[in-house]
Amino acid sequence: MMELPEVNNIKNQLSENIIGKRIKTVKPPTKIHKFCWYNGDVAQYDNLIKGASVNSAEGFGIFVEIGFDNGYKLCFNDGVNVRLIDEDKIRKDYQLLIEFEDESKLLFNVAMYGSIILHHNDYNNEYYIKSKEGISPFSSEFKKYYYDLFTKVKPVCSAKAFLATEQRIPGIGNGVLQDILFDAGIHPKRRINTFTEEDKEKLLNSITNILKSMIDKGGRDTEKDIFGNEGGYKVLLSKNTFKSPCPKCGGVLKKETYLGGSIYYCPCCQKNSSF
């Protein structure tokens, strides 16, 4: 799933590769996906942006947004995969296809769920607004915002819920939080009312340092960019690594289902002092 590191990388790649390109046609989905959402009738996307040129690409939270010179914008979120392809690589099933006049194409595909929204600065989705207006972990305002969260969130809130629910920190989801919590030595289920000031500081540093490393390396190796290449950041805790020894102590890693997704942790390096 696309989170902040991938959003940043995909935004940069789109900026480098499609700015200035003019749209030849927009093709609706070849396969209906019941968990892919559009803004109105997707068949009208072609009428609305055909002939328009790409003039911007932005990334914020869990969204990437492409801007066109006729005022329309196309945003897509964490569940959408986008690829810049040529004719030979078009897959049979997709949820949207944009063809440019130079014959290159952007193909959008949804695995589990996702939104591909064409709008005219009038998209009022809660998560879109939170992502766009949220305070970035790299902002000078983030430290104060981060510490203020501890006074606004319920004391029994777990570390995972604190980081990855309600888009309190836009772009941090169940994927990137695994390495963040591991780096900070905090168990995903640990309640925030058990955090010491040192724990809070460690977590703050891990948020910024791990995210920066992921971004600098072009995203995580569990995700792919617009050319289908894996990111350069080697994820420590994920479905691909949890059967390996703990990178710190060499112990056995654990996998559990928690808050609608899997968590991975080392019971030795990430003790849960909530109990």
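Attention in this report is confined to the structure presented alongside it. (Residues numbered from 1 in each chain as written. Predicted model: local features only at pLDDT ≥ 70, side-chain atom pairs only at ≥ 80, totals over all residues. Heavy atoms only, no water.)

Thoughts on the overall build of the chain
Along the backbone of the chain there are seven helices and eleven strands. Taking 2.2 N^0.38 as the reference for a compact globule, 275 residues should give roughly 19 Å; the C-alpha atoms of the chain span a radius of gyration of 20 Å, in line with that estimate. Here the C-alpha coordinates of the chain stretch approximately 60 × 35 × 30 Å along the principal axes. Residues classed as buried in the chain amount to 51% of the 275 residues present. Counting only contacts in the chain whose residues sit at least 6 apart along the sequence, the fraction spanning at least 24 positions is 65%. For the chain, the accessible surface area stands at approximately 13,100 Å², while carbon and sulfur atoms represent 48% of it. Side chains of the chain carry 38 positive and 35 negative charges; the gap between the two charge centres is 7 Å. (Helix = DSSP H or I, 4+ residues; strand = E, 2+ residues; numbered from the N terminus. Rg over C-alpha atoms; globule rule 2.2 N^0.38 Å. Buried < 20%, exposed > 50% of the residue type's maximum accessible area, 1.4 Å probe, protein only. Contact = heavy atoms within 4.5 Å. Areas by Shrake-Rupley, 256 points an atom, 1.4 Å probe, with all protein chains shown as cover. Lys, Arg positive; Asp, Glu negative; His and termini not counted. Charge placed at Lys NZ, Arg CZ, Asp CG, Glu CD.)

Observations concerning the nonpolar core
Ranked by internal contacts, the top residues of the largest apolar core, which has 32 residues, are Leu14, Phe68, Phe76, Leu106 and Phe108. No other element matches helix α1 (residues 4-18), which puts four residues into this core. (Core = buried A, V, L, I, M, F, W, Y, C linked by side-chain atoms within 4.5 Å.)

Topic: the environment of cysteine 249
Structurally, the position occupied by cysteine 249 is in the loop between α7 (197-216) and β10 (254-258). We classify cysteine 249 as partly exposed; its relative accessible area is 37%. Residues cysteine 249 and phenylalanine 138, 111 residues apart in the sequence, show an inter-C-alpha distance of 30 Å. Setting aside residues up to four positions removed in sequence, cysteine 249 forms contacts with Cys266, Cys268 and Cys269.

Topic: the environment of isoleucine 116
Looking at the element boundaries, isoleucine 116 is found in strand β9 (residues 114-119). Here isoleucine 116 falls in the buried class, since its relative accessible area comes to 0%. When near neighbours in sequence (up to four residues on either side) are disregarded, isoleucine 116 contacts Cys36, Trp37, Tyr38, Asn39, Tyr45, Leu74, Cys75, Val80, Gln95, Leu96, Phe108 and Val110.

What to know about the side chain of aspartate 179
With respect to the element layout, aspartate 179 can be found in helix α6 (residues 176-184). No salt bridge is formed by the buried aspartate 179. Its closest oppositely charged neighbour is arginine 220, at 8.2 Å. Within the structure, the side chain of aspartate 179 is placed 2.9 Å from the backbone nitrogen of leucine 236, a separation counted as a polar contact. Here aspartate 179 is in contact with Ile210, Met214, Tyr233, Lys234, Val235, Leu236 and Leu237, once residues within four sequence places are set aside. (Salt bridge = Lys/Arg side-chain N within 4 Å of Asp/Glu carboxyl O. Polar contact = N/O pair within 3.5 Å; in protein donor to acceptor, adjacent residues only side chain to side chain.)

So, α6
Counting buried positions over the nine residues of α6 gives eight, a clear majority of the element. Here α6 has its buried residues at Val176, Leu177, Gln178, Asp179, Ile180, Leu181, Phe182 and Ala184. Trailing α6 by a residue or two, glycine 185 shows a phi angle of about 70°, which is positive.

Side note on the packing of helix α4 (residues 142-152) against α7
Viewed as axis vectors pointing N to C, α4 and α7 meet at an angle of 135°, and their least axial separation amounts to 11 Å. Considering their axes alone, α4 and α7 lie oblique with respect to each other. α7 is crossed by α4, and the crossing has right-handed handedness. Taking contact as the criterion, the partners of Phe142, Lys143, Tyr146, Tyr147 and Phe150 in α4 are, on α7, Glu197, Lys200, Glu201, Leu203, Leu204 and Ile207. Of the residues that constitute the contact of α4 with α7, the class distribution is seven nonpolar, no polar and four charged. (Axes fitted to C-alpha atoms, helices over the stretch in contact; angles between N-to-C directions. Parallel < 35°, antiparallel > 145°, perpendicular 65-115°, else oblique. Left-handed = near helix turned anticlockwise from the far one by under 90°. Nonpolar A, V, L, I, M, F, W, Y, C, P; charged D, E, K, R; others polar.)

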